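These are the residues of each chain, in order.
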Amino acid sequence: MDNKYVIATGYSRANLCEHVSKYIENGWHPIGGMVIDFNEEEDDKVYCQPMTVLSP
């Protein structure tokens, strides 16, 4: 078995929660904490959550 890894992203905390919930429904698990990536030029934020799952 191998671990698969993905970073779920959203443009708001609520949007990230929706994406993370969909991953969890499909057997994925969050690892670590949420990260907020700031784009200083555009004042945009991207909310990120690392996720992992065991694959057969």
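The structure this text deals with has already been given above.
Residues numbered from 1 in each chain as written. Predicted model: local features only at pLDDT ≥ 70, side-chain atom pairs only at ≥ 80, totals over all residues. Heavy atoms only, no water.

**Q** Looking at this model, I keep getting lost on the packing of aromatic side chains. Mind explaining?
**A** The geometry of two aromatic rings is summed up by the distance between their centres and the angle between their planes. Overall, the coordinates contain one aromatic pair when judged by the stated rule. Between Tyr-23 and Trp-28, the aromatic rings sit 5.3 Å apart at their centres with planes inclined by 75°, giving edge-to-face as the arrangement. We classify Tyr-23 as partly exposed; its relative accessible area is 25%. (Phe/Tyr/Trp six-rings, centres within 6.5 Å; stacked < 30°, edge-to-face > 60°. Buried < 20%, exposed > 50% of the residue type's maximum accessible area, 1.4 Å probe, protein only.)

**Q** Honestly, the side chain of Thr-52 in this entry has me stumped. Any pointers?
**A** Relative to the elements of secondary structure, Thr-52 occurs in strand 4 (residues 44–55). A distance of 2.9 Å separates the side chain of Thr-52 from the backbone oxygen of Lys-4, its partner in a polar contact. Beyond its immediate stretch of four places on either side in the chain, Thr-52 contacts Asn-3, Lys-4, Gly-27, Trp-28, His-29 and Ile-31. (Helix = DSSP H or I, 4+ residues; strand = E, 2+ residues; numbered from the N terminus. Polar contact = N/O pair within 3.5 Å; in protein donor to acceptor, adjacent residues only side chain to side chain. Contact = heavy atoms within 4.5 Å.)

**Q** Explain the nonpolar core to me, please; I cannot follow it from the model alone.
**A** One recurring pattern in soluble globular proteins: nonpolar side chains tend to sit buried together. Within the largest apolar cluster, seven residues are counted, these being Ala-8, Leu-16, Val-20, Trp-28, Tyr-47, Met-51 and Val-53. Looking at this core, the elements that each hand over two or more residues are helix 1 (13–25) and strand 4. With three residues, the single largest contributor to this core is strand 4. Once you skip the residues sitting within four places of it in the chain, Leu-16 turns out to touch Ala-8, Thr-9, Gly-10, Met-34, Tyr-47, Cys-48 and Gln-49. (Core = buried A, V, L, I, M, F, W, Y, C linked by side-chain atoms within 4.5 Å.)

**Q** Explanation requested: helix 1 in the structure shown.
**A** The periodicity of an α-helix, 3.6 residues per turn, causes residues three or four places apart in sequence to face the same way. With 13 residues, helix 1 extends 18 Å between its outermost C-alpha atoms, agreeing within 8% with the 18 Å of an ideal straight helix rising 1.5 Å per residue. Positive phi appears at Gly-27, one or two residues downstream of helix 1, with a value of about 95°. (Expected span 1.5 Å × (residues − 1).)

**Q** Explanation requested: the pairing of strand 4 in the structure shown.
**A** Residues in a regular strand project their side chains so that they alternate between the two faces of the sheet. Alignment of strand 1 (residues 2–10) against strand 4, held across nine bridges, turns out to be antiparallel. What sits directly across from Lys-4, in strand 4, is Val-53. Sheet analysis places strand 2 (residues 29–30) next to strand 4, joined by two bridges and oriented antiparallel. When the bridges of strand 4 are listed, His-29 appears paired with Thr-52. Of the pairings in the sheet, the one linking strand 3 (residues 35–39) to strand 4 comprises five bridges and is antiparallel in character. Within strand 4, the residue paired with Phe-38 across the bridge is Lys-45. From the end of strand 3 to the start of strand 4, which pair antiparallel, there are four residues, and Asp-43 there has a positive phi angle of about 55°. (Pairing = 2+ DSSP bridges.)

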